[in-house]
Every structure is written in C-alpha cells, then in structure tokens.
Amino acid sequence: MGYKCRHFFADSNGSQGYVSLIVSNTAGLERFEQLTGYPQEFTNRLYTRLCKIAEEDGIELQVIHDCISNEVQGALLPEKGCGFWSLPLYRSASRHLSDLPLEKTLDDIRENLDAAYGHFAAALKIHDDWEKVYISETDFKALDALTAETIDRLLGDCPADRTGGEVHRFFGAATMRGSFDYITDLTADVEKRYFIKGRPGTGKSTFLKKITAAALKRGQDAEIYHCAFDPDSWDMVVFRGLGICLFDSTSPHEYFPDRPEDEIIDVYANCVKPGTDEKYAAELEKFQKEYKNEVGQAVSLLRQVNEIYDELSLKVKSQFSPEEFEEEYRRISKRVLKE
C-alpha cells in the first residue's frame, strides 16, 4: 500500500456527553497500550517512533487526536498489529503515573465537562426543532429514489460474495478552539468524492447509512465517521476499495468541489420543497443563532478544561526525573513494538 498517514478522532464531547469509539479501531491489534496521565512530550515521542517505522516500512500510520486540544493522543500501526492511546487523567481509571492528590482538580475538570455537555444537549434540542422545519417540507419518497439511484450507480457492479468490515471514527471534534475536522486529510487519496448538500433534517445521515448497508452486503469495507456533536448521526463514509467517499458537506464542515472528479449530491434541491429556506427564514435564523450560542458556551468550557489540565500535567511531570521518564518510555515502547 505504501506509507500513508491518516488523522482522526476516536472520541468526542457532544450532546451525548463523552463518547469513545476506540474499541472499533483497536479490536484487531495484538498489542495495544492504553495509557493515562502521561505528559504530552511522552505521547509525542512514542508517536514519532511509530511514525518513523511507518515511513521506513512503507505502511499506514493512523494518528488519533485529542478531541479537546487536538494534540496527538495516540497512534496505530494496523499492519504491525500494535498501537497506543494516551488518555487524560479524568478519562480513565487505568494505569497512570501520578501519586499526587488530584481529586479536587479532577472534580473541577469534570464539573466543567458536565456543564459543557449540558450546553451541547441544549444545542441538540434547538437542532431538533430546526430539523422539524425541513422534515415537514422534505419529500422522503424522492429521497428514497435518490438513495436507490446512488446505490445502483456506486455499487451496481459489486458482487455480494462476502460481508464487508466496518470501522467507526470521528473526522472532527468540537475542540477548545472551535470545530475542526480532518476531511481533507482523510480524503486526499480518494479518487471520487461526493459532497452531500442539504439542510438539517433532510435525511443526509439516513442516506449515508442506507448506502453503507448496501455496500457492506456487497463486500465493501467501510470507514464510518460519526457526527461528533450527535454520534447517532453519520457525517461521512469512505469505501477505499472503491476509491469513493460521501460526506455531509454542510456547516460546520462545509466544503466545495476542487477536483475534476468531485461531485455534488444536492438533497435540498432534489427532495425539499422549493422556497423552504425563504418561507421559514426568520425561524431558521433564530435557531441558528441560539444553536451557535449554546455550542459557543460549551467550547468555552472545554477551553477551561484544557487550561486546568495543562496546569495539572505540569505538576504530575514535576514528580519524575528525566531518567525515570526515559525508563518508562523504554518499557512502554518495548510493550508496544516488541523492541
């Protein structure tokens, strides 16, 4: 396959609170280390080691990012059957380095996270009302026809000789600096990209789910990227065996074709009653404003979480000498890489 470096998130903070999809990405690994509370420098050094191996051996490196800071959180080498994932102290009860009395600080962090989840949940309720406007104006028979036509066009020649495999991830996250995604990176070597345009409630996620179900039945492996805000919703699927991806190309991850092979599938134009945007303009503007306000407050709280945790990490790091960290690095590196 050759060296490839793919970036994504394995967990998210959103309307359902904290959601992790790490198991889907590590289930087939022979050696996987989940660490807790290790300094970022430690994570970066271990990541750099895996990156060097991937480059030298010409294999794929999967880079997992922290869903608050967007820093490197872990790395996987599927072809070597190994990898690691480093969680902050407030995420897990598994092995960590610190012996400091941390509960008060960790409680402060968790309180901020719970408050952020409350704002994300409030944003989801607003989004649900926003969707109702378009649901009432969407022709779902037309959407079913568009879905069937797309399935036939993309998968018509695929034999149903096995069931495809699937892996679940997030391409984006509501980070402390706002919404961020790795769509460009994840689709860089995909030959054909379909940009799905629409509105909230017009069936984009259902469209993706039905196409994916059909592809899996036809033996195609699928990378499934969930919405970080609402993980029950899907935002992108990639069928690398076919060189195809389809993704929800609307805010907050709105993109437009920039390659000759790119194509738009416009659900709004094909399946929604003309003039809907204009008819409900005042209500839609209100929903959008309220939604952005709730998400903005959540992001502000995530920023506070990161600031508190950065200070905590410095205290944890101060407990150990460079020699102790070096010994720990050698130990973990040996467990992951069998070196």
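Higher on the page you've got the structure.
Bear in mind that the values here come from a model prediction, so they are computed numbers and not experimental data.

Thresholds applied
Within any chain, residue numbers begin from 1 and follow the written order of that chain's sequence. Residues qualify for local features only when their pLDDT is at least 70, as the model is predicted, and side-chain atom pairs are given and counted only at 80 or more; totals for whole chains, interfaces and linings, by contrast, use all residues. Side-chain measures here rest on the full set of heavy atoms in the structure, leaving out hydrogens and waters. Counting from the N terminus, the helices are the DSSP runs of H or I reaching at least four residues and the strands are the DSSP runs of E reaching at least two. By this rule the span expected of a helix is its residue count minus one, scaled by 1.5 Å. We call two residues contacting when some pair of their heavy atoms lies within 4.5 Å. Under the pairing criterion, centres of Phe, Tyr and Trp rings, with the six-membered ring standing for Trp, must be within 6.5 Å; the plane angle then separates stacked pairs below 30 degrees from edge-to-face pairs above 60, leaving the rest tilted. Between buried and exposed lies partly exposed: a residue is buried under 20% and exposed over 50% of the maximum accessible area for its type, with that area taken using a 1.4 Å probe on protein chains only. Distance and angle both matter: a charge sits over a ring if NZ of Lys or CZ of Arg is within 6 Å of the ring centre and within 35 degrees of the ring normal. We call a set of buried Ala, Val, Leu, Ile, Met, Phe, Trp, Tyr and Cys residues a nonpolar core when their side-chain atoms join them within 4.5 Å. Geometry is summarised by axes, namely lines fitted to C-alpha atoms with helices restricted to the contacting stretch, and by angles between N-to-C directions that run from 0 to 180 degrees. Here the angle decides the label: under 35 degrees means roughly parallel, over 145 means roughly antiparallel, 65 to 115 means roughly perpendicular, and every other value means oblique. For a crossing to be left-handed, the near helix must be turned anticlockwise from the far one by less than a right angle; the clockwise case is right-handed. Following the grouping adopted for this structure description, the nonpolar residues are Ala, Val, Leu, Ile, Met, Phe, Trp, Tyr, Cys and Pro, the charged ones are Asp, Glu, Lys and Arg, and the polar ones are all others, Gly among them. Here a polar contact means two N or O atoms within 3.5 Å. Within protein one must be a hydrogen donor candidate and the other an acceptor candidate, and residues neighboring in sequence count only if both atoms are side-chain atoms. Patch building starts from residues that exceed 30% relative accessible area and form no salt bridge, then joins like charges within 9 Å and nonpolar side chains (Val, Leu, Ile, Met, Phe, Trp, Tyr) within 5 Å. For the accessible areas, the method is Shrake-Rupley and the probe is 1.4 Å, while residue cover comes only from the protein chains on display. The salt bridge criterion pairs a side-chain nitrogen of Lys or Arg with a carboxyl oxygen of Asp or Glu, the two atoms within 4 Å. Positive charge is attributed to Lys and Arg, negative charge to Asp and Glu, and no charge count is given to His or to the chain ends. Note on charges: their place is set at NZ of Lys, CZ of Arg, CG of Asp or CD of Glu. In this description, a disulfide is simply a cysteine sulfur pair whose atoms lie within 2.5 Å.

Asker: Tell me about helix H2 (residues 40-57), and please be specific about residues and values.
Answerer: Taking 1.5 Å as the rise per residue, H2 with 18 residues should run 26 Å; its terminal C-alpha atoms sit 26 Å apart, in good agreement. Where H2 is buried, its residues touch strand E4 (31-36), strand E5 (60-65), strand E6 (72-77), strand E7 (82-87) and helix H10 (322-337). Positive phi shows up at Gly-58, right after H2, with a value of about 65°.

Asker: Explain the packing of aromatic side chains to me, using residue names and the numbers behind them.
Answerer: Scanning the model with the defined rule gives 13 aromatic pairs in all. When the centroid spacing of 6.4 Å and the interplanar angle of 65° are considered together, the rings of Phe-120 and Phe-229 count as edge-to-face. Placement of Phe-120 in helix H3 (residues 103-135) and of Phe-229 in the loop between strand E12 (222-226) and strand E13 (234-239) is noted, with a sequence separation of 109 residues between them. On the basis of relative accessibility, which here comes to 1%, the residue Phe-120 falls in the buried class. Here the aromatic cluster, defined as three or more aromatic residues joined through ring pairs, consists of Phe-120, Trp-130, Phe-229 and Tyr-291. Cation over ring: Arg-169 sits above Phe-8, and NZ or CZ is 4.1 Å from the ring centre. Of note, Lys-197 hangs over the ring of Phe-256, and the distance from its end group to the ring centre comes to 3.9 Å.

Asker: For the nonpolar core, give the residues involved together with the corresponding values.
Answerer: One finds Ile-68, Leu-89, Tyr-90, Leu-106, Ile-109, Leu-113 and Phe-120 to be the most contacted residues of the largest nonpolar core, which totals 32 residues. The set of elements that each furnish at least two residues to this core consists of H3 and helix H9 (281-317). The leading source of residues in this core is H3, at eleven residues. When near neighbours in sequence (up to four residues on either side) are disregarded, Ile-109 contacts Tyr-90, Val-305, Ile-308 and Tyr-309. Counting 26 residues, the second largest nonpolar core, distinct from the first, contains Phe-170, Ala-173, Val-190 and Met-236.

Asker: Summarise the packing of H3 against H9; cite the residues concerned and give the values.
Answerer: At their nearest, the axes of H3 and H9 sit 9 Å apart, and the two run at 165° to each other. When the axes of H3 and H9 are compared, the pair comes out roughly antiparallel. Judged by the sense of rotation from one axis to the other, the crossing of H3 with H9 is left-handed. In terms of residue class, the contact of H3 with H9 is built from 23 nonpolar, seven polar and three charged.

Asker: Just give me the short version of the environment of Gln-16, but keep the residues and values in it.
Answerer: Along the chain, Gln-16 falls in the loop between strand E2 (11-14) and strand E3 (17-20). Its relative accessible area of 40% is what places Gln-16 among the partly exposed residues. In this structure the C-alpha to C-alpha distance between Gln-16 and Ala-121, which are 105 residues apart in sequence, comes to 7.0 Å. Here Gln-16 is in contact with Asp-230, Pro-231 and Asp-232, once residues within four sequence places are set aside. At 3.0 Å, the side chain of Gln-16 forms a polar contact with the side chain of Asp-232.

Asker: Quick one: what's the story with the packing of helix H4 (residues 140-155) against helix H6 (residues 204-217), residue by residue and with numbers?
Answerer: Viewed as axis vectors pointing N to C, H4 and H6 meet at an angle of 35°, and their least axial separation amounts to 10 Å. Helix-helix and strand crossings are classified by hand; for H4 and H6 the assignment is right-handed. Mapping the contact onto sequence places Leu-143, Asp-144, Leu-146, Thr-147, Thr-150, Ile-151 and Leu-155 in H4 and Phe-207, Lys-210, Ile-211, Ala-214 and Ala-215 in H6. Of the residues assigned to the contact of H4 with H6, the class counts are eight nonpolar, two polar and two charged.

Asker: If you had to explain a negative patch on the surface to someone new, which residues and values would you point to?
Answerer: Where like charges cluster on the molecular surface, the negative patch consists of Glu-71, Glu-307, Asp-310 and Glu-311. Residue position: Glu-71 is located in the loop between E5 and E6.

Asker: Which residues make up the state of the cysteines, and what values go with them?
Answerer: Inspection of every chain in the model, using the stated rule, returns zero disulfides. For the unlinked cysteine Cys-227, the closest cysteine sulfur is that of Cys-67, found at 13 Å.

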